[in-house]
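Reading the structure
For reference, the chains in residue letters:
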Amino acid sequence: MAIAEQRTSPQAAQGSGEGNWHGIVLQTLKRNEISLIPYVPDRVLTPLIKNLHADPFFTTFATAREEEAVGIVSGAWMGGRRGAVLMQTSGFATLANVLASLAVPYQIPLIMFVSERGTLGEFNYGQSLVCRTMRPVLDSLALEHHTITRLDELEFITDRSIKQAVTTQAPVALILNPLLTGGKVFDK
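What counts, and at which threshold
Every chain begins its residue count from 1, and numbering advances along the sequence as written. Residues qualify for local features only when their pLDDT is at least 70, as the model is predicted, and side-chain atom pairs are given and counted only at 80 or more; totals for whole chains, interfaces and linings, by contrast, use all residues. Side-chain measures here rest on the full set of heavy atoms in the structure, leaving out hydrogens and waters. Strands are runs of DSSP state E lasting at least two residues, helices are runs of H or I lasting at least four, and both sets are numbered from the N terminus onward. The cut-offs for exposure are 20% and 50% of the maximum accessible area for each residue type, with area from a 1.4 Å probe on protein chains only; residues under the lower value are buried, those over the upper are exposed, and the others partly exposed. Two residues form a contact once any of their heavy atoms are found within 4.5 Å. For accessible areas, the Shrake-Rupley method is used with a probe of radius 1.4 Å. Any residue's cover is judged against the shown protein chains and nothing else. Should DSSP find at least two bridges between two strands, the strands are taken to pair. Aromatic rings from Phe, Tyr and Trp, taking only the six-membered ring of Trp, are treated as a pair when their centres fall within 6.5 Å; an angle between ring planes under 30 degrees marks them as stacked, one over 60 as edge-to-face, and anything in between as tilted. Every axis in this analysis is a line fitted to C-alpha atoms, fitted for helices over the stretch in contact. Angles between the N-to-C directions lie between 0 and 180 degrees. To form a nonpolar core, buried Ala, Val, Leu, Ile, Met, Phe, Trp, Tyr and Cys residues must be joined to one another through side-chain atoms within 4.5 Å.

**Description of the overall build of the chain**
Along the backbone of the chain there are nine helices and six strands. Counting every position in the chain, which comprises 188 residues, the buried fraction comes to 50%. For the chain, long-range pairs separated by at least 24 residues make up 73% of all intrachain contacts whose partners lie at least 6 apart in sequence. When the accessible area of the chain is evaluated, it comes to approximately 8,400 Å², of which 53% is carbon and sulfur surface.

**A word on the pairing of strand E1 (residues 34-39)**
The buried fraction of E1 amounts to six of the six residues, a majority that puts the element mostly inside the structure. Looking at chain direction, E1 and strand E3 (residues 82-88) are connected through three bridges and run parallel. For Tyr39, the partnering residue across the bridge sits in E3 and is Leu86. Relative to strand E2 (residues 59-62), E1 is paired through four bridges, and the arrangement is parallel.

**Brief notes about the packing of aromatic side chains**
Under the defined criterion, the tally for this structure stands at one aromatic pair. Ring centres of Phe57 and Phe58 lie 4.9 Å apart, and the angle between their planes is 85 degrees; this geometry places the pair in the edge-to-face category. Using a relative accessible area of 34% as the deciding quantity, one classes Phe57 as partly exposed. Relative accessible area serves as the criterion here: at 7%, Phe58 is assigned to the buried category.

**Topic: the sheet that holds E2**
Taken together, the six strands give an open sheet; going across it, the order is E2-E1-E3-E4-E6-E5, and neighbouring strands pair in parallel fashion. Pairing within the sheet leaves two strands with one partner each, and these edge strands are E2 and strand E5 (144-148). Across the sheet, the mean angle from the axis of one strand to that of its neighbour is 20 degrees, orientation sign disregarded. Two strands pair when backbone bridges link them, and strand E4 (residues 111-115) and strand E6 (residues 172-176) are joined in this way by five bridges, in the parallel orientation. If you follow Met112 over to E6, its bridge partner there is Ala173. Most of the contacts of helix H4 (residues 66-78) go to E3, to which it runs at about 170 degrees, and overall it touches E1, E2 and E3.

**Observations concerning the nonpolar core**
Within the largest apolar cluster, 27 residues are counted, with the highest numbers of intra-cluster contacts made by Leu29, Leu86, Ile111 and Phe113. At the level of secondary structure, the elements contributing two or more residues to this core comprise helix H2 (21-31), E1, helix H3 (46-54), E3, E4, helix H8 (151-168) and E6. Listed in part, the 20 residues of the second largest apolar core include Phe92, Met112, Leu138 and Ala173.

Rendered as structure tokens:
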């Protein structure tokens, strides 16, 4: 995990404090009683994942696929527990069916944190193609989504999006842009 932290922004390498993007996300999840965090491993999200695992408030674990994580969080909501899913852009591309057939019609306030790939120096053409489809899919499902690029807006947007998702019982996607996280860097 140390390698992943080195490949993200200087903000990402600053430990688990509230002065970096992952510290702000962790504290905002806590304040909103979001304690179940299934994820598909992602290099950009590594600092957040590492700090979630280290905090006993959270139940955090890897899943094989994003659809599995969505199913777990949906079941938890039905059982009275709040959760969020962590993934990258390419993982989001697998979710149209589970969103349209589970989260949206059953009014699950699914909180999705998506590390954005496919932009700002992306080296993988497949990621670029998938990135172009993410927002149109969210729009076609009428799902609230916000692309967060600035640290000074992260807490407000995250907190208000979680509150809106819970009160309206509708999913929300929080897209963590490379301007915020530092993105994934290709080493030649």
